[in-house]
Amino acid sequence: MRNLAKQYEETCPKHAFDYYQLVYETDKAMGASCLGHCYETGIGVDRSLETAIQYYKIAYECGLESPCFHLGRCFEELGTKENLRQAINYYQIGAHHENDQCQYRLAELFEQGKGLSQSFEQAFHYYTLAARNGYSKAWARVGRCFANGIGTEKSEENAFNAYQEGAASNCIESRYQLAICYLNGLGVSKSVQKGIDHLLIVLKAGHREAPSKLAETLEKCQGIEDTNSNILSLGQRFKRLADRYSEVQSEFSEGRDLCLRLAGEMCSVDDAESQCELGIYYNKLDNEKAFFYFKLAADQGHAPAQYALGKFFALGKGCTQSWEQAVKYFQQAADQGNAQGVYELGYCYEKGLGIKQSYSLAFEYFKLAAERGYQRANCALGLYYERGLGVEKSFNKAFHHFHLAADQKDAEGQYHVARFYRLGRRFENIALSMQEAIRYYELALNQGFRKKRLPLFIKSCKHFIQQYKQSPTSAQHHFSKKNRRMTNSAPLLVSSVHFQLLRLALAD
């Protein structure tokens, strides 16, 4: 329920707030925390820090520790000295309960001397506690304290060790500082190669300073000294380095190839849009390269790339198939409002792939995807209404959603509209119903949908029309009998055509 509420935060905040209220009725602690978040950020209600504080207090009194940080943040934003004192009080309570975010914020306040007597020793103490309790970002601060003697004895070796801990916890800044340590021999034996290796890792992760530092390092390795080097774009600098490798080390292709690749990619290292476009480009040429670029962009929070990466994991394309990973990336895309990601989550819930099966949640995600303009979701909703899966059965609502998809020239929607006409669910007049069925079947067929079966359906409809002309009563009886048999057939789920659509989707 909480995940579903999260989906509505951007598109329909009022729905999100209503769902969070339902969470509150079943889980008071978690629901109060969610409602506090709504009032703090203005999701579905007028923003009110005072009301947010009330709900966060309820969550805290019910035994949750995480609201301490949010309470501190709300009180701090209110701005008065008394509120700052209250904020610090909650940060201290949270820190006592080993809440890493509270410990980190206390460290910042001690370092800044904000609301507390400035104490670099206390800042170092709390940065260390936050880091040890799992707040990976804090390791970079611990390393900085050791490197500069802030609140502790200066030690390049201890700074290096702190950066190592942070890098092991996926802290990008710590790994970047680790690269600097290797490049300059700070707290460790100098190793330009190891420094470059770490720079390449943080470069892929999107660290803003990594491309320039890597270019600078490689330029020094190649003996390129140019005071105007920074005037050139990064792409130009890497192209020049590739040329240099060709001149002086023509037999050493790795350095040249690396620089050529970076020359094409480093127009902006944090340009996830371009990286996603590279993924699309390589999609038809090299699955592994496509996967690499999609992941590069996805890990920077690019929603279309997250959706594409989910597709790759679902199909085992360029990677080992994993529905759990597929769900992870579909969820990330959906959290940013990506309608296709929401739709795929609905499919995963329908089939129980990588997540617990639930028709009701599948229906909600399909509904949300349709509201966000994804027409294939209307076909899914039509099928759910038709069969009464996760929702009350309704042929009228089913046809409505099929027709919405058909109106947008969706071939599957046209097919289902035709099917409803063929089953006589719209008109009592057989001839008119069959004529409409033929029209929509032909629309779907013209788009290449079910080429083997649709001609048979069209032929069947024409046969009914011919029968009706010859003997209306006999045709009506035959039609009614066949209608009952079709109506009682097995459910038609989204999965009937899903994998075909899945494989074609990236080419859309």
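### Looking at the overall build of the chain
Of the regular secondary structure elements, the chain holds 28 helices and 0 strands. The contacts of the chain with a sequence gap of at least 6 include a subset with a gap of at least 24, amounting to 46%. Of the accessible surface of the chain, which amounts to about 24,700 Å², a share of 47% is contributed by carbon and sulfur atoms.

### Side note on helix H7 (residues 100-112)
One full turn of an α-helix is made of 3.6 residues, so residues set three or four places apart face in the same direction. For H7, with 13 residues, the first-to-last C-alpha span of 18 Å sits near the 18 Å given by 1.5 Å per residue. For H7, the tally of buried residues reaches 11 of 13 residues, placing the bulk of the element in the interior. Among all positions of H7, only Asp100, Cys102, Gln103, Tyr104, Arg105, Leu106, Ala107, Glu108, Leu109, Phe110 and Glu111 are buried. Packed against the buried residues of H7 are helix H5 (67-78), helix H6 (81-96), helix H8 (120-132) and helix H9 (137-148). Among the residues of H7, the N-terminal cap falls to Asn99, whose side-chain oxygen and the backbone nitrogen of Gln101 are separated by 3.1 Å. Gly113, located one to two residues past H7, shows a positive phi value of around 70°.

### Here's the deal with the nonpolar core
Grouped together as the largest cluster of nonpolar side chains are 70 residues, with contacts concentrated most on Phe294 and Tyr441. Leave out the neighbours within four places in its chain, and Phe294 touches Cys276, Gly279, Ile280, Ala305, Ala308, Leu309 and Phe312. Counting 54 residues, the second largest nonpolar core, distinct from the first, contains Leu35, Leu106, Tyr163 and Ala167.

### Some thoughts on unusual backbone geometry
The backbone phi angle of Glu98 is positive, close to 65°, even though this residue is not glycine. Position of Glu98 among the secondary structure elements: in the loop between H6 and H7. The phi dihedral of Lys409 falls on the positive side, at around 65°, and the residue is not glycine. Checked against the element boundaries, Lys409 lands in the loop between helix H23 (395-407) and helix H24 (411-422). Owing to a relative accessible area of 64%, Lys409 belongs among the exposed residues under this scheme.

### Thoughts on the packing of helix H20 (residues 339-351) against helix H21 (residues 359-371)
Packing of H20 against H21 brings their axes to within 8 Å, and their N-to-C directions diverge by 165°. Relative to H21, the element H20 lies roughly antiparallel. In this structure, the crossing between H20 and H21 has a hand that is left-handed. Residues Ala339, Val342, Tyr343, Leu345, Gly346, Tyr347, Tyr349 and Glu350 of H20 touch H21, and the partners they reach there are Tyr359, Leu361, Ala362, Tyr365, Phe366, Leu368 and Ala369. Residue composition of the contact of H20 with H21, by class: 13 nonpolar, 1 polar and 1 charged.

### Here's the deal with the state of the cysteines
Overall, the coordinates contain 0 disulfides when judged by the stated rule. Looking at Cys68, it has no disulfide partner, and the nearest cysteine sulfur is the one in Cys102, 5.6 Å off.

### Overview of the layout of surface pockets
Empty space among the atoms becomes apparent when a probe as large as a water molecule is rolled across them. In this structure, the largest pocket encloses a volume near 330 Å³. Along its surface, the largest pocket is lined by 13 residues, and Ile172, Ile201, Lys204, Ala205 and Asp299 are the ones closest to its centre. Within the residue set of the lining of the largest pocket, elements represented by two or more residues are helix H11 (172-184), helix H12 (192-205) and helix H17 (287-298). With 4 residues, H12 is the single largest residue contributor to the lining of the largest pocket. Broken down by class, the residue content of the lining of the largest pocket amounts to 8 nonpolar, 1 polar and 4 charged.

### Points about the confidence of the model for the chain
Residues of the chain with pLDDT of at least 70 account for 83%, and the chain-wide mean is 82. Counting interchain partners and residues more than four positions distant, the pLDDT-below-50 stretch residues 484-508 has 49 contacts.

### Some details on the packing of H7 against H8
Put simply, H7 and H8 touch, their axes get as near as 8 Å, and they point 160° apart. Between H7 and H8, the interaxial angle falls into the category roughly antiparallel. In terms of crossing hand, the pair formed by H7 and H8 is left-handed. Residues Asp100, Gln103, Tyr104, Leu106, Ala107, Glu108, Phe110 and Glu111 of H7 pack against Phe120, Gln122, Ala123, Tyr126, Tyr127, Leu129 and Ala130 of H8. Counted by class, the contact of H7 with H8 contains 10 nonpolar, 2 polar and 3 charged residues.

### Focus on helix H3 (residues 28-41)
The end-to-end C-alpha distance of H3, which contains 14 residues, comes to 20 Å, matching closely the 20 Å that a straight helix rising 1.5 Å per residue would cover. Most of H3 is tucked away: 10 of the 14 residues are buried. Considered for burial, the residues of H3 that qualify are Ala29, Gly31, Ala32, Ser33, Cys34, Leu35, Gly36, Cys38, Tyr39 and Glu40.

### Details of the packing of aromatic side chains
This model, assessed by the stated rule, comprises 29 aromatic pairs. Consider the rings of Tyr343 and Tyr374, whose centres lie 5.1 Å apart with planes at 65°: the pair is edge-to-face. Separated by 31 residues along the polypeptide, Tyr343 in helix H20 and Tyr374 in the loop between H21 and helix H22 (375-387) bring together distant segments of the chain. Side by side, Tyr343 and Tyr374 carry an identical accessibility label, which is buried. By the ring-pair criterion, three or more aromatic residues cluster together here, those being Tyr343, Tyr359, Phe363, Phe366, Tyr374, Tyr384 and Tyr385.

### Digging into the side chain of Glu108
Assignment of secondary structure puts Glu108 in helix H7. What makes Glu108 buried here is its relative accessible area of 16%. Dropping the residues within four chain positions of it, Glu108 is found in contact with Tyr127 and Arg141.

Cut-off values and rules
- Residues numbered from 1 in each chain as written.
- Predicted model: local features only at pLDDT ≥ 70, side-chain atom pairs only at ≥ 80, totals over all residues.
- Heavy atoms only, no water.
- Helix = DSSP H or I, 4+ residues; strand = E, 2+ residues; numbered from the N terminus.
- Contact = heavy atoms within 4.5 Å.
- Areas by Shrake-Rupley, 256 points an atom, 1.4 Å probe, with all protein chains shown as cover.
- Expected span 1.5 Å × (residues − 1).
- Buried < 20%, exposed > 50% of the residue type's maximum accessible area, 1.4 Å probe, protein only.
- Polar contact = N/O pair within 3.5 Å; in protein donor to acceptor, adjacent residues only side chain to side chain.
- Core = buried A, V, L, I, M, F, W, Y, C linked by side-chain atoms within 4.5 Å.
- Axes fitted to C-alpha atoms, helices over the stretch in contact; angles between N-to-C directions.
- Parallel < 35°, antiparallel > 145°, perpendicular 65-115°, else oblique.
- Left-handed = near helix turned anticlockwise from the far one by under 90°.
- Nonpolar A, V, L, I, M, F, W, Y, C, P; charged D, E, K, R; others polar.
- Disulfide = S-S within 2.5 Å.
- 1 Å grid on protein atoms, 1.4 Å probe; cavity = no way out; pocket = protein on both sides within 12 Å on 5 of 7 lines; lining within 4 Å.
- Points joined across faces, edges and corners; volume = space filled by probe spheres on them.
- pLDDT = per-residue confidence, 0-100.
- Phe/Tyr/Trp six-rings, centres within 6.5 Å; stacked < 30°, edge-to-face > 60°.

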